[in-house]
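Structural overview for review
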Amino acid sequence: MLLCGRHRHTGKWGAIMCELRLMNRAAALALVLSVPAGSAAGQIPNHPVITEVFTDPVGNDGPVARDPANAHQEYIEIYLPTAAQLAAGLNKDALRLTFYEVEGDTSSSGPGLVNYRIDLPTFDLDAANGLTPGAIPRPPSGVVVMGWVDYVGNPPIDLAGTPSTRVALINGGITSTTDYTFIAMNGAEFSGTTNFPVPIAISSIDLPQEASSGIIQNGSGAYLLVNRDAPGYVQLYDDAAVPAGGSANPSLATGTVLGTSCLLDGYAGNDDSLFDVNLQPYPAGTNLDMVMNLPAGGPFSLLICQVAEAGGHGYARKFLDLAKTTEDGCPSNDNPITDALNIYRTISNIGPLFPTPGRVHLTTSPAELSVALPAAQVFDVLAGTTGRPGILCANAGGNFGMSATVTPGASSNPAVATFASGDSATVTTGQTPVYPSVAATVPIGAAHGALVTVPVTVNATNVGGGPAIVNPSGSTTASVHVLNPTTGMNAAGQPFQASAFAAVHGLPHQPGVPNEFLGSSLAGFVAAHLGGLVDDAHHHGADLLNPATDLSNPLVVDTLERDMPDDPCLYVDALGPPGQPDLVQTILTSGEVQAGNDTYAQSFDESLTAVRAISFTLNPTRTKGGAFVPTERVHFVDAIGDVGLPTSGLTNATTTRGFELALVDSNVQRAGTLETGATDDFGVVVRVGQVRPGAQVVPGQLVFLSLTGGLQGADIDTLDVPPHNNETVIIYFDLDNLDTVLGARTINEIFIIDSSGTPAAVNIMEVFALSVLVPQPFFDADGDSDVDLGDYASFRACMMGPVGPIGAGCALHDANASGHIDMADYAVLARSFTGPL
């Protein structure tokens, strides 16, 4: 089971979605980054550096039973500078390097210990004065790749081929290289290999297991490149095979065994779900991965930055000529956060930033289009919407601008989804994802789970000049899964209650416009129906419709907001009807909590009798058939509450769905700055009002909403949806399934449950009920306080053709007092009609 933040995913599909979700979050951050302050561009390192560490997933992809369709196997890549570039003190005629991996998982059997040591052959970087005996020359590209040659048998009994014909397991299989040097990590085993250099020593290769899984450890770990001739060097061993008198403990936290003087380059991958790249190094005792190696104050902690694992299969240095803070000659500004965010990226075997063994990139390299494989182009699109998922691509080259567009082919099933070109997308930096979109339209009646595929072509063009783009056109296949769930899920993953659909609409600040809300389609609907079909539960509707209300002014916003209580003494509970759980028990017994997620763990008081929440009383509001349909693009929430991911088919959607509720939230803080929305996490509980015969719920019952078919009680993570930097956010709710599935015809109260655990929670300025059950006396001919088929029959009897005169008993139907029963009256009837009870 994988963890994406606090969200859990199971199975192969869950693993892929977790990978893509984390990849997208990391990529979204990377979009705003360029060359960092304090880092020098155009500076080739004066010492050897690690440029890539890549491992394929466990399976038939290893050196045994290799999958020939995968060109990239496990490898470690190192760049060697020229002799002229090499720092003084390093031996250009006999450079002796060792690669260490140190375990970083706290749950490992050997945390903080060496997983393996690889002693590389001696390198001579200056062939002009003759080759040092026993050394190998620097390759023309300066790139050294350590990888595998294939085994025979499983378990292995030999190496494939002959000693002079062994095949390297990268790039589809190679027997020799011209511009880079391949070193066979296992080339000294069994009958050995003579066509590639081999390491001087490897501390241990555990056969047969590591012949199929590789030796690079999954999870958290530190990768170190050290100089064997430096005084701080110590020979260490694989902790599973320590010889008598040897040790596997580098004591990185203290520097008392392996010394910093031998370190040439290093970084660490951290896959702890609680790791925040912006908070490293963590103080000792926090029990996060890598803290036993790189605690605050540790001698290696500023030198070895920790890179957040974003679901990929390895790590790469973005640009060789972009110096880390530890390489700029100024130790006082060494900063692992800057280095982690700007120098490294994750790489994946499905792209779009693929492994590139034998290649290093410079900031001056041409832009290069890379398109992810079909496994990465799988999108959910909600029925009744046109989704615009971003096709996962990248500028895999240098720092030149590139714009990309998508042209779709024919849909595999046009009855389920049709496709058109979406939005182009532009990046200005290299090694950066780019998301040109394809528009996928799914009708409201499409079956839940239906799958449609479409071939797509991506074309890239230069933006702002620069050399011609490498590989300017690429193709892949996109797959769309239709979302049209009617129920949510309980903790066991079984259908439970009803699914709701939430969508987020961001309103950024517009210079010269005090009230950006007023320009939204929601404002127009509210202005036309406030006091009738629309109810403002917080009684600030008039303020939000006032052009003079400045929604960027924190003093104004503060008077509109309904704040979450900060004092646990002010936390709330609410009774359910007899025999039904109260608010606290509704949350504690929800699928989200029962599944083991800690979403609301910080939201209760110590006695678990009250919860951090706010409530709003609603006029009886219909749960089905909302008349308001936004004209703007919105961003639907997925099954675990995420919203706005660039490759999601729920992002940038237009919809024909009607909404029954709208929350208006402010991101304006009291200091006048904007929240990112990252802490605006909340769940929604509604109280049932009227019910239909045979309903699954009773009046007064509290229903914790499931979102888009997900776990009952999952929270909404509003984040920063497009167009970004939103000062005001509208969250819409489509509640049709509460009526259709549960029989809850109306609701009369809404609870907003905090799940952020921090003071900067969702700041609600208004809750608009958009489908208030308003009695219509001029249509309610039978006086049952409902406009149904009986009233419709009466209306038809009174209407004679396009225009009918008022007759006996027909005055009730003349809504506009025109003296006629006509189509204008019919329009009012249609809006009032609730169907048979």
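All values reported here derive from a predicted model rather than from experimental measurement. (Residues numbered from 1 in each chain as written. Predicted model: local features only at pLDDT ≥ 70, side-chain atom pairs only at ≥ 80, totals over all residues. Heavy atoms only, no water.)

1. A look at the sheet that holds strand 13 (residues 201-202)
Strand order in the open sheet made by the six strands is 13-6-5-14-15-16, with mixed pairing throughout. Since the sheet does not close on itself, it has two edges, and those belong to strand 13 and strand 16 (305-308), each with one partner. (Pairing = 2+ DSSP bridges. Helix = DSSP H or I, 4+ residues; strand = E, 2+ residues; numbered from the N terminus.)

2. Focus on the pattern of salt bridges
On inspection of all chains with the given rule, the structure shows 15 salt bridges. Salt bridges linked by common partners bring Lys 92, Asp 93 and Asp 126 together as one network. (Salt bridge = Lys/Arg side-chain N within 4 Å of Asp/Glu carboxyl O.)

3. Concerning the packing of aromatic side chains
The way to describe two aromatic rings as a pair is by their centre distance and the angle between their planes. As enumerated under the stated definition, the model contains 18 aromatic pairs in all. For the ring pair Tyr 100 and Tyr 233, a centre distance of 6.4 Å and an interplane angle of 25 degrees mean the geometry is stacked. On the criterion of sequence distance, the pair formed by Tyr 100 in strand 5 (residues 97-103) and Tyr 233 in the loop between strand 14 (221-227) and strand 15 (263-270) is long-range, its members being 133 residues apart. On the accessibility criterion, Tyr 100 (0% relative accessible area) is buried. For Tyr 233, a relative accessible area of 16% corresponds to the buried category. A ring pair is formed by Phe 525 and Phe 628, whose centres lie 5.3 Å apart and whose planes are at 50 degrees; its orientation type is tilted. (Phe/Tyr/Trp six-rings, centres within 6.5 Å; stacked < 30°, edge-to-face > 60°. Buried < 20%, exposed > 50% of the residue type's maximum accessible area, 1.4 Å probe, protein only.)

4. Quick notes on the environment of Gly 266
Relative to the assigned elements, Gly 266 resides in strand 15. Remark: the alpha-carbon pair of Gly 266 and Phe 300, spanning 34 residues in sequence, is separated by 9.3 Å. Residues in contact with Gly 266, not counting those within four places in the same chain, are Ile 50, Tyr 223, Leu 224, Leu 303, Ile 304, Cys 305, Lys 324 and Tyr 344. (Contact = heavy atoms within 4.5 Å.)

5. Observations concerning the environment of Ile 614
By secondary structure assignment, the location of Ile 614 is in strand 34 (residues 613-622). Measuring from C-alpha to C-alpha, the distance between Ile 614 and Arg 562 comes to 7.7 Å, with 52 residues separating the pair along the chain. Ignoring anything within four residues of it in the chain, the contact list for Ile 614 reads Arg 562, Asp 563, Met 564, Pro 565, Ile 750, Phe 751, Ile 752 and Ile 764.

6. Comments concerning the sheet that holds strand 26 (residues 432-434)
One key point about sheets: their strands pair by backbone hydrogen bonds, in either a parallel or an antiparallel sense. Spatial strand order, 19-22-26: three strands in an open sheet with antiparallel pairing. What marks the edges here is a single partner per strand, and that holds for strand 19 (369-371) and strand 26. Recorded for the sheet is a direction-independent mean angle of 35 degrees between the axes of neighbouring strands. Relative to strand 26, strand 22 (residues 393-395) runs antiparallel, the two being bridged by three bridges. The residue bridging Ala 394 from the neighbouring strand is Pro 433, located in strand 26. (Axes fitted to C-alpha atoms, helices over the stretch in contact; angles between N-to-C directions.)

7. Observations concerning the pairing of strand 6 (residues 114-119)
Along strand 6, six of the six residues are buried, which leaves the element largely enclosed by surrounding structure. Across two bridges, strand 6 lies against strand 13 in antiparallel orientation. Bridging across to strand 13, Ile 118 finds its partner in Ile 202.

8. Quick notes on helix 3 (residues 336-343)
Counting buried positions along helix 3 yields seven of eight residues, so the element is predominantly enclosed. Where helix 3 is concerned, the buried positions are Pro 336, Thr 338, Asp 339, Ala 340, Leu 341, Asn 342 and Ile 343. Among the residues of helix 3, the N-terminal cap falls to Asn 335, whose side-chain oxygen and the backbone nitrogen of Ile 337 are separated by 2.9 Å. (Polar contact = N/O pair within 3.5 Å; in protein donor to acceptor, adjacent residues only side chain to side chain.)

9. Considerations on the side chain of Ser 365
Position of Ser 365 relative to the elements: it lies in the loop between strand 18 (344-347) and strand 19. Within the structure, Ser 365 has its side chain in polar contact with the backbone nitrogen of Leu 362 (distance 3.0 Å). Among residues more than four places away in sequence, those in contact with Ser 365 are Gly 397, Gly 398, Asn 399 and Phe 400.

10. Some points on the pairing of strand 17 (residues 314-317)
Alternating positions in strand 17 separate into two faces, Gly 314 and Ala 316 on one and Tyr 315 and Arg 317 on the other, with burial throughout. Pairing analysis gives three bridges linking strand 3 (residues 49-54) to strand 17, with the strands arranged antiparallel. Opposite Phe 54, over in strand 17, you have Gly 314 as the bridge partner. With four bridges connecting them, strand 17 and strand 18 associate as antiparallel partners. Counterpart to Gly 314 in the pairing with strand 18 is Ile 347.

11. A short note on the confidence of the model for the protein chain
One rule of thumb: low pLDDT means the predicted coordinates there are not for detailed reading. Per-chain confidence: the protein chain averages 89 in pLDDT, with 89% of residues scoring 70 or above. Across residues 1-39, confidence stays below pLDDT 50; counting only partners more than four residues off in sequence or on other chains, it has 96 contacts. (pLDDT = per-residue confidence, 0-100.)

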